[in-house]
Amino acid sequence: MSSSEAENEPTTGQDVELPAVAPQLRALRRRASLTLEAAARAAGLSPAHLSRLETGRRQPSLPMLLALARIYATTVSELLGETGADRDAVVRAVDMEPTAAGGWTYWQAGAPGRGMQALRVHVPHDSQGDIVRVHPGEEWLHVLTGRLRLRLGDTTHRLGPGDSAHFDSLTPHRIAAQDPDGVELLFVHTLLQSPTATLCLGPTPGDMP
């Protein structure tokens, strides 16, 4: 084995022991109209290593699954061969159960398990203002009520009702409500869906300017 291939081999502790992965990897790569070489290059792997993943001779690590899912424009669940129940295209307001996490309140505004996730979000004042998020995907948000402070990289944006933002989630970003009553948002992202993956990194010390 060459040294470059050795660097790309996953450690045993990171392997995902699921035999359904191999056929899905090849089928989804072909669906994306990518050659083995092009897909391997985009994922930072050697073609030989990706070929071993597709034939089941190697098991992928979770970071590899995340990278390949993004390249193939799909979800980790689909890479793993998981199929969910049929989903209704319409989500009724009465079915939107609030979920609290990290001080924020979320309402699912779309069906779970899709490539995009749609949420209605309430961000209280002085909540999570020091958490920096960095993860694969894209995000779009629209301010319904209140004023929002959005930090993208080194730039701070202030948004009011009716304002929107659309950005690459790999750009370090922070969100904070400026008003005492908080801010209400519509929020859509392509955060890869996997119950075992923590894709948001934080908290990070420091206050938002």
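Let me begin by describing the structure that accompanies this report. (Residues numbered from 1 in each chain as written. Predicted model: local features only at pLDDT ≥ 70, side-chain atom pairs only at ≥ 80, totals over all residues. Heavy atoms only, no water.)

1. Overview of the overall build of the protein
Scanning the protein for helices and strands turns up six helices and nine strands. Out of the 209 residues in the protein, the part that is buried amounts to 43%. Accessible area for the protein stands at about 11300 Å²; split by element, carbon and sulfur atoms hold 53% of it. (Helix = DSSP H or I, 4+ residues; strand = E, 2+ residues; numbered from the N terminus. Buried < 20%, exposed > 50% of the residue type's maximum accessible area, 1.4 Å probe, protein only. Areas by Shrake-Rupley, 256 points an atom, 1.4 Å probe, with all protein chains shown as cover.)

2. Re a nonpolar patch on the surface
On the surface, Trp140, Leu144 and Leu186 cluster together into a nonpolar patch covering about 220 Å² of accessible area. In this structure Leu186 comes out as partly exposed when scored by relative accessible area, which is 32%. (Patch = residues over 30% accessible without salt bridge, like charges linked within 9 Å, V, L, I, M, F, W, Y side chains within 5 Å. Salt bridge = Lys/Arg side-chain N within 4 Å of Asp/Glu carboxyl O.)

3. Some thoughts on the environment of Ala177
You can see Ala177 is positioned in strand 8 (residues 173–177). Between the C-alpha atoms of Ala177 and Leu159, which are 18 residues apart in sequence, the distance is 9.8 Å. Other than its neighbours up to four places away in sequence, Ala177 contacts Val123, Pro124, His125, Arg147, Gly182 and Val183. (Contact = heavy atoms within 4.5 Å.)

4. Considering the pairing of strand 1 (residues 98–101)
Looking at chain direction, strand 1 and strand 2 (residues 104–108) are connected through four bridges and run antiparallel. In the sheet register, Thr99 faces strand 2, and the bridge partner there is Tyr106. Where strand 1 hands over to strand 2, the hairpin turn is made up of two residues, of which Gly102 adopts a positive phi near 60°. (Pairing = 2+ DSSP bridges.)

5. Examining helix 4 (residues 47–54)
Within helix 4, six of the eight residues are buried, which leaves the element mostly enclosed by the surrounding structure. All buried positions along helix 4 are accounted for by His49, Leu50, Ser51, Arg52, Leu53 and Glu54.

6. Here we look at the nonpolar core
Generally speaking, nonpolar side chains in soluble globular proteins are found buried as a group. The biggest cluster of nonpolar side chains holds 18 residues, and the ones touching the most others in it are Leu25, Leu45, Leu50, Leu53, Leu68, Tyr72 and Leu79. Setting aside its immediate chain neighbours within four residues, Leu25 contacts Leu53, Glu54, Leu68, Tyr72 and Leu79. In this structure, Leu148, Leu159, Leu185 and Phe187 belong to the second largest nonpolar core, which totals 17 residues. (Core = buried A, V, L, I, M, F, W, Y, C linked by side-chain atoms within 4.5 Å.)

7. Details of the pattern of salt bridges
Following the criterion strictly, the structure yields five salt bridges and no others. Residues Arg70 and Asp168 are paired through a salt bridge, measuring 3.8 Å at the closest nitrogen-oxygen approach. Of the two residues, Arg70 is situated in helix 5 (residues 62–71) and Asp168 in strand 7 (residues 164–168); the sequence distance between them amounts to 98 residues. For Arg70, a relative accessible area of 39% corresponds to the partly exposed category.

8. Considering unusual backbone geometry
Phi is positive for Ser33, which is not a glycine, with a value near 60°. Along the chain, Ser33 turns up in the loop between helix 2 (21–31) and helix 3 (36–43). The exposed category is assigned to Ser33, whose relative accessible area is 65%.

9. Some details on the pairing of strand 2
Taken together, the four bridges between strand 2 and strand 3 (residues 117–123) define a ladder with antiparallel strand orientation. Within strand 3, the position partnered with Tyr106 by the bridge is Val121.

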